[in-house]
Amino acid sequence: AGGVPDRTDSGQGSNEMAGTARAWALLTVIMALTAVAVPAIAATDSGLSEERIHQVAAALSERPAGFGRPIGDRAAWEELARHQSYRGLIAAAERIVGQPIPEQPDELYLEFSRTGSRTRWGRVSWRRRSRVKTLALAECLENRGRFLPAFEETVRALCSERTWVMPAHDRQLTNFHGQSTDIDLASSALAWNLATAGYLLGEKLSPDTRRLIRANVRRRVLDPYLDMTRGERKANWWMKTTSNWNAVCLAGVTGAALAQVESRGERALFIVAAEEYSKNFLKGFPPDGYCTEGVGYWNYGFGHYLLLAEAVHQATGGAVDLLQREAVLQPATYGARIEIAGGVCPAFADCTVGTRPGRRVMYFVSRRYGLGMREYEAEGAVSSGGSLAEAMMYSFPNSASRTPPAREAAPGPGLRTWFDHAGILIGRPGRGPACRLGVALKGGHNDEHHNHNDVGSYVVVVGRQAVLLDPGAEVYTARTFSARRYDSNLLNSYGHPVPLVAGRLQKQGRDAAARVVRTEFTDDADTLVLDISSAYDVPGLAELQRTFVYSRKGAGSLTVTDEVRFDSPSRFGTALITFGRWKRHGPDSLMVYDTEEAVRVDIRVRGGEFDIHPDHIKEDMRSGTIPLRLGIDLKEPVTEASITTTITPMPPAGGSDGALLRNGGFEDAHWGWTIPRQGMGTLSTERAAGGRTSLNIVDADRQRGSNISSARIPIVGPGSFELRGKVLPVSGDGLAIYVKFLDEDGGVLNEQVDPRGWIDWLISLGGSTRRWEPFAARFTAPEGTVFLQAWIHSYTAAEVEAYLDDLEIVPLDEGPQ
């Protein structure tokens, strides 16, 4: 991805520095242009500045307006209806019309108070509230009145709820019992969506429905907020917090007000309040712009700051621009600087593994700041995704779409990003094809937003796969945001690749912080030395230093050295974390592998011998995958010791020179293959053509077939290839090997041979010779192919048994593959 240049130490003679310098110069200009911030707001004892409110009111239109265009603007809606993202909305609305509104009884709301689970209420609430967007958009697109009755019924149901506040945010049930009316993420979002729907549909709605929307948005959100700004009631905590709550709630409240409040003066008050209170959100970012909440919450929190800024920008005709604050630039460019390699970002804090910066947010940031991130700008940002207000903001002209693209494309994020205040280093491979390994290294402290006790954590990416990782967030329950948060082995340091010191985990708190001892950044290697002793409340711990050395030489490597010293003998160990599997490669070496990639971990210990203790972390993972902790523990207590792990990518396994298929000989266990439990395939040591292992297919089910897939095989452009291997047929026929041609997003490019989407096999195998026989088949990858994937599948009605071994895919033509 294109991106923003990063903070680097001086004197780095990189071949990328020229491009990085150009991009840095661009940002310097941008910062100079945006140095004139929105006029300061002078807070007084009586509240917000009256003078500022009058200034803003003068820039507002007579009537309120939300994002998008009213339903009467048929030209705008007919144009939008032709966009791919909106083509399925009418069908989705038709399905909703035929279904009753899901019931949300009191007992469902109270389930959180009883059990701590928020899942069932959340699922039902989403189904109820999402009807607003789907039905409103479908009606605007079609304009035939078909969806208005269901929309109005939905409004009545939502407005009959006791409270719009989530049960997890109403622990004392004061909102549920009507004793208070607070504002949270959910209530502010619903208010904005209803107000936006009211603006879009206008007089198409019945007078009763219009009144119901206005009255409930005002009673449940706008009036309580005004009381808070005027000091007539205690402010909700989020108005002063520095987390995503601030931006999200402010966006919902302000957006709802701008879409429905008639009084210009009152609308101006909401804008001035947003100017003032949103400063708190920006204070949550250190000067380097790092988002301690993680990539997902940057999408959510900063994404809502963009929505807030754009709502105010449109309402004032650009007179008030919350993006023209110097404090915004670094947080805005976080998304361009956090990627490690291959689209992978670290899942630090409460983030789900696989989360990436949102494409629409990146588009908006790139256009508004002229960053030239062509990857994000090329597709535009029109989308029906997100909330109703969000979809309307991105789908109709806005300040970003009206801003011309930068003249020059961004040169890319460079060899590294050093978030020097947060203590986070992103190390990336160079431009050459040899280095395949990238890293994210974490210092930080244990009192961050959505904190995990993870000082010293790290992520190792090979190609497009995080093989060693931070496992990310758990499914939220009452425990997650309570005094028992760190009972979770995902959130405490047990679930992270950090030391276990004298049997103790890391402690919580701001004083549990990594101290940067030394950094050294060059083209060939990046070194980061951290003192992490303060993270452990261990009497007698005299020293604990973690040294990272990330090398870009060859295929790349990461060396992690933990040096410890105690006043008296104590136990010591460290850990690796993976979603994959592992096997011993030797007495001092491990192989850790996921489907597509693998690393070799060489272990060197000074001060004693070590054992490996594997343990699955059985917490409720948001990703649904159970992480594996590989403890590397010294056998005996020590007073002084070090553990060094050197992590390098495994080369493609087996096959002849030039072979692309990994582990086609199945000698490295499941690496490179997905073999489901019900896939009718197992690894066997009974018979092998070469080595000790083969793949045994046993399909005795006439209702379904075997199902084994290789990892994706990256190629560069179309070309001709040959699939080779050996088969030992035992009985039956109908075993086939297919090769799928995949595009960048995993879409299948093969010609379909039947309406169900089936593709044709490349080679069919079978018989009962019970001896190893070679086979080969040629194929050509079409234009647009980015990956190949071998798929082993026996026909649905077939019954067959066979062994496969020594599989490989070899390019036949000369080319860059």
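Residues numbered from 1 in each chain as written. Predicted model: local features only at pLDDT ≥ 70, side-chain atom pairs only at ≥ 80, totals over all residues. Heavy atoms only, no water.

Undergrad: How should the sheet that holds strand β17 (residues 610-616) be read in this particular structure?
TA: Sheets are built from strands that pair by backbone hydrogen bonding, the pairs being arranged parallel or antiparallel. Strand order in the open sheet made by the 4 strands is β7-β13-β18-β17, with antiparallel pairing throughout. Edge positions in the open sheet fall to β7 (500-501) and β17, since each of these has one partner strand only. Two elements, β17 and strand β18 (residues 628-634), share 7 bridges in a ladder whose sense is antiparallel. Opposite His616, over in β18, you have Leu628 as the bridge partner. (Pairing = 2+ DSSP bridges. Helix = DSSP H or I, 4+ residues; strand = E, 2+ residues; numbered from the N terminus.)

Undergrad: Mind showing me how you'd approach the sheet that holds strand β10 (residues 525-531) here?
TA: What the 8 strands build is an open sheet, ordered β9-β10-β11-β12-β19-β16-β15-β14; its pairing is antiparallel. Every other strand in the sheet has two partners, leaving β9 (515-521) and β14 (581-586) as the edge strands with one partner each. For this sheet the average axis-to-axis angle between neighbouring strands, irrespective of direction, equals 15°. Pairing geometry for β10 and strand β11 (residues 541-551), over 7 bridges, is antiparallel. If you follow Thr527 over to β11, its bridge partner there is Val549. (Axes fitted to C-alpha atoms, helices over the stretch in contact; angles between N-to-C directions.)

Undergrad: Which parts of the structure should I look at to understand the side chain of Asp633?
TA: Inspection of the secondary structure puts Asp633 in strand β18. Looking at Asp633, its side chain comes within polar contact range of the side chain of His613, at 2.7 Å. If we ignore the near neighbours within four places in the chain, the residues touching Asp633 are Phe572, Gly573, Thr574, Glu609, Phe610, Asp611 and His613. (Polar contact = N/O pair within 3.5 Å; in protein donor to acceptor, adjacent residues only side chain to side chain. Contact = heavy atoms within 4.5 Å.)

Undergrad: Explain the pattern of salt bridges here, please?
TA: Side-chain pairs of opposite charge can arise whenever the charged atoms involved come near each other. If you walk through the whole model with that rule in mind, you get 47 salt bridges. Notably, a salt bridge pairs Arg146 with Glu94, separated by 2.9 Å at the nearest N-O pair. Of the two residues, Arg146 is situated in the loop between α6 (119-142) and α7 (148-159) and Glu94 in helix α4 (residues 89-97); the sequence distance between them amounts to 52 residues. Salt bridges linked by common partners bring Glu94, Glu142, Arg144 and Arg146 together as one network. (Salt bridge = Lys/Arg side-chain N within 4 Å of Asp/Glu carboxyl O.)

Undergrad: Help me understand the packing of aromatic side chains, please; the structure alone is not making it clear to me.
TA: To describe a pair of aromatic rings, you give the distance between the ring centres and the angle between the ring planes. In total, this model carries 25 aromatic pairs according to the counting rule given. Aromatic side chains Tyr290 and Tyr334 sit 5.7 Å apart centroid to centroid with 75° between the ring planes, which places their arrangement in the edge-to-face category. Taken together, the positions of Tyr290 in the loop between α11 (264-283) and α12 (295-315) and Tyr334 in helix α14 (residues 334-337) put the pair 44 residues apart, joining distant regions of the chain. Given the relative accessible area of 3%, Tyr290 is considered buried. Relative to Trp791, the ring of Tyr738 lies with its centre 4.7 Å away and its plane at 40°, an arrangement referred to as tilted. Separated by 53 residues along the polypeptide, Tyr738 in strand β25 (residues 719-742) and Trp791 in strand β28 (residues 787-794) bring together distant segments of the chain. A relative accessible area of 4% places Tyr738 in the buried class. What links up through ring pairs into an aromatic cluster is the set Phe281, Phe285, Tyr290, Trp298, Phe302, Tyr305, Tyr334 and Phe419. Cation over ring: Arg622 sits above Tyr476, and NZ or CZ is 4.7 Å from the ring centre. (Phe/Tyr/Trp six-rings, centres within 6.5 Å; stacked < 30°, edge-to-face > 60°. Buried < 20%, exposed > 50% of the residue type's maximum accessible area, 1.4 Å probe, protein only. Lys NZ or Arg CZ within 6 Å of the ring centre and 35° of its normal.)

The values are spatial; any link to function lies outside them.
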